[in-house]
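In case you want the letters, here they are:
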Amino acid sequence: MSELTPELINETILAEYEEMRNLCTEIGDGYVMTSWEVDEATDIRPGGYVSGPTQFKIADGALWYLTFAALGRIEPMALTSELSMRFLRPAIGTRMICRATLEAANRRSVVGTCHIWVDGAPDRITSTAQGTYAIPMPR
């Protein structure tokens, strides 16, 4: 497979999952960045806050893409083994950003940490997540 780029990841994933709204925006050594355009009709809870489940989705997707970065290839069958979140402050805005950083990787799993913020304010983290992705065994 050619070098992993955000464009290649997004094109590959959107071909299978047209409804995917968590887009890879950057990929580097040990990290990925993703973005999510907030939909007022589906992502906002009463009070105008981005919902917890929406923040969970961006973290989960970012860890999936981080798994691709750690493996050096797109592995669509990698799946969430565990994921925990901590909500730090209300997320209010129109665009969520997530940076997932690699903590550890081996033959069977990838562990990463996510920081999520809204509208270009990385100094105001709204939530953090840590999770593990399981890598399928070769057949």
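See the structure printed just above.
Residues numbered from 1 in each chain as written. Predicted model: local features only at pLDDT ≥ 70, side-chain atom pairs only at ≥ 80, totals over all residues. Heavy atoms only, no water.

1. Topic: the overall build of the protein
From N to C terminus, the protein includes three helices and eight strands. For the protein, the succession of helices and strands along the chain, N to C, is α-β-β-α-β-β-α-β-β-β-β. Since a compact globule built from 139 residues should have a radius of gyration of about 14 Å, the 14 Å found for the protein is in line with a globular shape. Principal-axis analysis of the C-alpha atoms places the extent of the protein at approximately 50 × 30 × 25 Å. Within the span of the protein, comprising 139 residues, buried residues form 41% of the whole. For the protein, the share of sequence-separated contacts (at least 6 apart) that also reach a separation of at least 24 residues comes to 61%. (Helix = DSSP H or I, 4+ residues; strand = E, 2+ residues; numbered from the N terminus. Rg over C-alpha atoms; globule rule 2.2 N^0.38 Å. Buried < 20%, exposed > 50% of the residue type's maximum accessible area, 1.4 Å probe, protein only. Contact = heavy atoms within 4.5 Å.)

2. Side note on the side chain of Thr54
Within the fold, Thr54 resides in helix α3 (residues 52-71). Residue class for Thr54 comes out buried when judged on its relative accessible area of 2%. Here Asp43 takes part through its side chain, which lies 3.4 Å from a polar atom of the side chain of Thr54. Contact partners of Thr54, with chain neighbours within four places excluded, come to Trp36, Thr42, Asp43 and Met96. (Polar contact = N/O pair within 3.5 Å; in protein donor to acceptor, adjacent residues only side chain to side chain.)

3. Overview of the packing of aromatic side chains
In the structure shown here, the tally under the stated rule is four aromatic pairs. Between Tyr17 and Trp64, the aromatic rings sit 6.0 Å apart at their centres with planes inclined by 70°, giving edge-to-face as the arrangement. In this pair, Tyr17 sits in the loop between α1 (6-16) and β1 (22-28) while Trp64 sits in helix α3, placing the two residues 47 residues apart along the sequence. On the basis of relative accessibility, which here comes to 34%, the residue Tyr17 falls in the partly exposed class. Here Trp64 falls in the buried class, since its relative accessible area comes to 7%. Of the aromatic side chains, those joined through ring pairs into one cluster are Tyr17, Trp64, Tyr65 and Phe68. The ring of Tyr31 is capped by Arg99, whose NZ or CZ atom sits 4.1 Å from the centre of that ring. (Phe/Tyr/Trp six-rings, centres within 6.5 Å; stacked < 30°, edge-to-face > 60°. Lys NZ or Arg CZ within 6 Å of the ring centre and 35° of its normal.)

4. Concerning the environment of Thr34
Tracing the backbone shows Thr34 in strand β2 (residues 31-37). Residue class for Thr34 comes out buried when judged on its relative accessible area of 0%. Residues Thr34 and Ala100, spaced 66 residues apart in sequence, show a C-alpha to C-alpha distance of 8.3 Å. Ignoring sequence-local partners within four residues, the contact set of Thr34 consists of Asn22, Leu23, Cys24, Thr25, Ile58, Ala62, Tyr65, Met96, Ile97 and Cys98. Within the local environment of Thr34, its side chain forms a polar contact with the side chain of Asn22, the two groups lying 3.1 Å apart.

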